[in-house]
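# Notes for the structure review
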Amino acid sequence: MTVQRSRRARFFGSPMLAAAMVASAGAAPAVAKVGGPVAEPTDLAPTALLSGQLTVVKVTGSLSSPLGVTHAGDGSGRLFVVERGGRVRIVKGGKIISTFLDISNHLTSGGERGLLGLAFHPDFAANGFLFVYYTRPGGDIVISRMQANAARTFASANTLDTILTIGHGLHSNHNGGALAFGPDGYLYAGVGDGGGAGDPEENAQRLDTLLGKILRINPTLGPSATYAIPADNPFVGQTGDDEIWDYGLRNPWRITFDRTTGHLYIADVGQGRREEVNLEDVADPGGNNFGWDVLEGSLCYEPTTNCSLPANYKGPVAQYTHTYGCSITGGYVYRGSHRDLQGLYVFGDYCSGRLWTMPAAGGNETLRRDTSLNISSFGESETGELYLTDLNGSLYRVIAPEFSDIASSTFIDNIHWLFYEGITGGCGGGRFCPRSAVTRVQMAQFLVRAFHYPTTATDYFTDDNGIVGESSINALAEAGITGGCAPNLFCPTRPVTRAQMAIFLVNALNLPPSATDFFDDDDGKTGESSINALAAAGLTGGCGTRRYCPTSNVTREQMAAFLHRALT
């Protein structure tokens, strides 16, 4: 199709994300108040998150220079990983399952250029629209609209339709690349200052160029890709380009919105001394000047001393020196399933691989993990779980496990739920023992806590007298959930099989029988009807194609998954 040109093309000079590709060493970051000297930290910020608790777990490799990860908001559970060379890859179940789009023939990539940003329209499931941010041959920045197929599995390069072009031909760096829809439904873009050391064209402080800015536009969804200017953009009817929302930025490398509060977080890559995080309240009317290149963080840059704060200045809420890294990668305020991470803004550094958190309001930045990764971006899943990309080719999940042995568990979210609900305290010593078989007495304890069965004075069995969990066994029998393993016997130390698990849960949930035979390996076996009832209720998909593995033992992590599904 014919590519639509932007409403107003820009040619004010050019490029992006000065991620100096070097690693540095050190410990906790120096936290500086805006306008004050850098001080070495003395105390860690008070938080429930324990030292070293935050960690990363590899999801998949085999990616090519990944620069972003996001979700489509369509209920599919898919992650979309942006590759610098022009592809977006779909990851699900820990595997790359397909290529969602490939616009490699429409861009130039390498260094700080390439496919830099991706944002799905809030109504993507219905309309199929998405937006990409990339550098075309010659270096200009382009924001284009695309549309996925009816199944939402692929977006053809033939649908690429340019809505905004920003001239960026002088330098190859500082292209920015962040795209995100705000809670107001408008599309925000983080654009670099045009590149070259020290913003030689003074783009960041100028209001007649879109370089060095946060932009805010309302993309249209008609046959031709265009955009409208929101009437409340701060420079509408005043001196300054109407698309500008904020200015005074060097190279914003990731802008994100807190999905709970709607506040905007902007991580701005520094020149040689400071990396910074800026925060804008959801009710802020925009027009803020974040200081570059008068200031780098809270330090004077031009002039180097005794600088005056520029008009409309808004200082950073966190910053760190180049002792601890050289290129900030902005993250998210965590709103997923990990209780101890709730409300903390997680961010990292590309050069050093360090991960920090800070309270959502800013300040008290705390080093959490020192990795060997080149952290190129962060992203959220649809449920609020946090991921990061390593430019070397991998996708990782960021987690804060309460147990020391569950980081690699497929069922980590289920285990967390079980812990938060007070159904388990683990197996001792800060461990959960996820792959240990669940015994029948442990099963009784899990179920009694989960379903709140009352205690009873009746002693139903003779082989559990005096053991830990005897009261739970009797409570389970009193509720009619079990009759034991033989007359007067419960067999408390015997492992629970998957068939027995089905019987327990069907009795506890009073699930109706099903006429459908879901599996082939349980035919004629005890518990077959319960297995089919469990599958009909959507609580299990079995252990493989047409298989349930009824005689296999249930592990503690599988138990967590069964109960989580059953009770939520």
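Up top you'll find the structure we're talking about.
Throughout what follows, the structure given in this document is the object of discussion. Predicted model, so just to flag it, every value in this text is computed and none were measured.

Below, the discussion takes up the overall build of the protein chain. The helix and strand inventory of the protein chain stands at 7 helices and 27 strands. Taking 568 residues into account, the globule formula puts the C-alpha radius of gyration at 24 Å, and the protein chain, at 27 Å, falls close to it. With respect to the three principal axes, the spread of C-alpha positions in the protein chain is 85 × 60 × 40 Å. Counting every position in the protein chain, which comprises 568 residues, the buried fraction comes to 58%. Nonlocal contacts in the protein chain, meaning residues at least 24 apart in sequence, comprise 63% of its contacts between residues at least 6 apart. Accessible surface computed for the protein chain: about 21200 Å², of which carbon and sulfur atoms make up 50%.

Once that is clear, we can look at the state of the cysteines. In protein structure, a disulfide is the covalent linkage between the sulfur atoms of two cysteines. In total, this model carries 5 disulfides according to the counting rule given. Here Cys 543 engages in a disulfide with Cys 549; their sulfurs sit 1.9 Å apart. Taking the torsion about the sulfur-sulfur bond, which here is approximately 80°, the covalent link between Cys 543 and Cys 549 counts as right-handed. You can call Cys 543 partly exposed: its relative accessible area is 33%. Judged by relative accessible area, which is 13%, Cys 549 ranks as buried. What links to what in the protein chain: the bonded cysteines, counted in sequence order, pair as 1-2, 3-4, 5-6, 7-8, 9-10.

To continue, consider the environment of Pro 316. Along the chain, Pro 316 turns up in the loop between β19 (299–300) and β20 (318–321). Given the relative accessible area of 5%, Pro 316 is considered buried. Put simply, Pro 316 and Glu 275 are 41 residues apart on the chain and 9.5 Å apart in space, counted from C-alpha to C-alpha.

Here helix α5 (residues 498–509) is 12 residues long and its end C-alpha atoms lie 16 Å apart, about the 16 Å a rise of 1.5 Å per residue gives. Those residues of α5 hidden inside the fold are in contact with α3 (440–451), α4 (470–478), α6 (528–536) and α7 (556–567). At the exit of α5 stands Asn 510, carrying a positive phi of roughly 55°.

On to unusual backbone geometry. Cis geometry marks the peptide bond from Trp 292 to Asp 293, where omega comes out at 5°. Note on placement: Asp 293 falls in the loop between β17 (274–280) and β18 (295–296). Backbone geometry at Asn 510 places phi at a positive 55°, although glycine is not the residue there. Its place among the elements puts Asn 510 in the loop between α5 and α6. Overall, Asn 510 belongs to the exposed group, its relative accessible area being 66%.

This part takes up empty space enclosed by the protein. Counted according to the given criterion, the structure contains 2 cavities of 30 Å³ or more. If you add up the space inside the second largest cavity, you get close to 40 Å³. Around the second largest cavity, the lining residues are Arg 250, Asp 268, Val 269, Gly 270, Arg 274, Glu 276, Trp 292, Leu 295, Glu 296 and Gly 297. Those elements giving two or more residues to the lining of the second largest cavity turn out to be β17 and β18. Broken down by class, the residue content of the lining of the second largest cavity amounts to 3 nonpolar, 2 polar and 5 charged.

Attention now moves to the sheet that holds strand β15 (residues 252–257). On the basis of which strands lie adjacent, the open sheet formed by 4 strands has the order β15-β16-β17-β20 and antiparallel pairing. Sheet topology places β15 and β20 at the edges, where each strand pairs with a single neighbour. Across the sheet, the axes of successive neighbouring strands diverge by a mean angle of 10°, strand direction being ignored. Here strand β16 (residues 264–268) runs beside β17; their pairing, made up of 5 bridges, is antiparallel. Across the sheet, Asp 268 pairs through a bridge with Glu 276, a residue of β17.

What follows is about the nonpolar core. Judged by nonpolar contacts, the single largest core of 48 residues is most densely connected at Met 443, Met 501, Leu 534, Met 559 and Leu 563. Among the secondary structure elements, those contributing two or more residues to this core are α2 (412–420), α3, α4, α5, α6 and α7. Sort the elements by how many residues they give to this core and α3 lands first, with 8 residues. Sequence-distant contacts of Leu 534, defined by excluding residues within four places in its chain, comprise Ala 502, Leu 505, Val 506, Leu 511, Leu 539, Thr 540, Tyr 548 and Phe 562. With 43 residues, the next largest nonpolar core counts Ala 225, Ile 328, Tyr 350 and Leu 391 among its residues.

Rules of the game
Residues numbered from 1 in each chain as written. Predicted model: local features only at pLDDT ≥ 70, side-chain atom pairs only at ≥ 80, totals over all residues. Heavy atoms only, no water. Helix = DSSP H or I, 4+ residues; strand = E, 2+ residues; numbered from the N terminus. Rg over C-alpha atoms; globule rule 2.2 N^0.38 Å. Buried < 20%, exposed > 50% of the residue type's maximum accessible area, 1.4 Å probe, protein only. Contact = heavy atoms within 4.5 Å. Areas by Shrake-Rupley, 256 points an atom, 1.4 Å probe, with all protein chains shown as cover. Disulfide = S-S within 2.5 Å. Expected span 1.5 Å × (residues − 1). 1 Å grid on protein atoms, 1.4 Å probe; cavity = no way out; pocket = protein on both sides within 12 Å on 5 of 7 lines; lining within 4 Å. Points joined across faces, edges and corners; volume = space filled by probe spheres on them. Nonpolar A, V, L, I, M, F, W, Y, C, P; charged D, E, K, R; others polar. Pairing = 2+ DSSP bridges. Axes fitted to C-alpha atoms, helices over the stretch in contact; angles between N-to-C directions. Core = buried A, V, L, I, M, F, W, Y, C linked by side-chain atoms within 4.5 Å.

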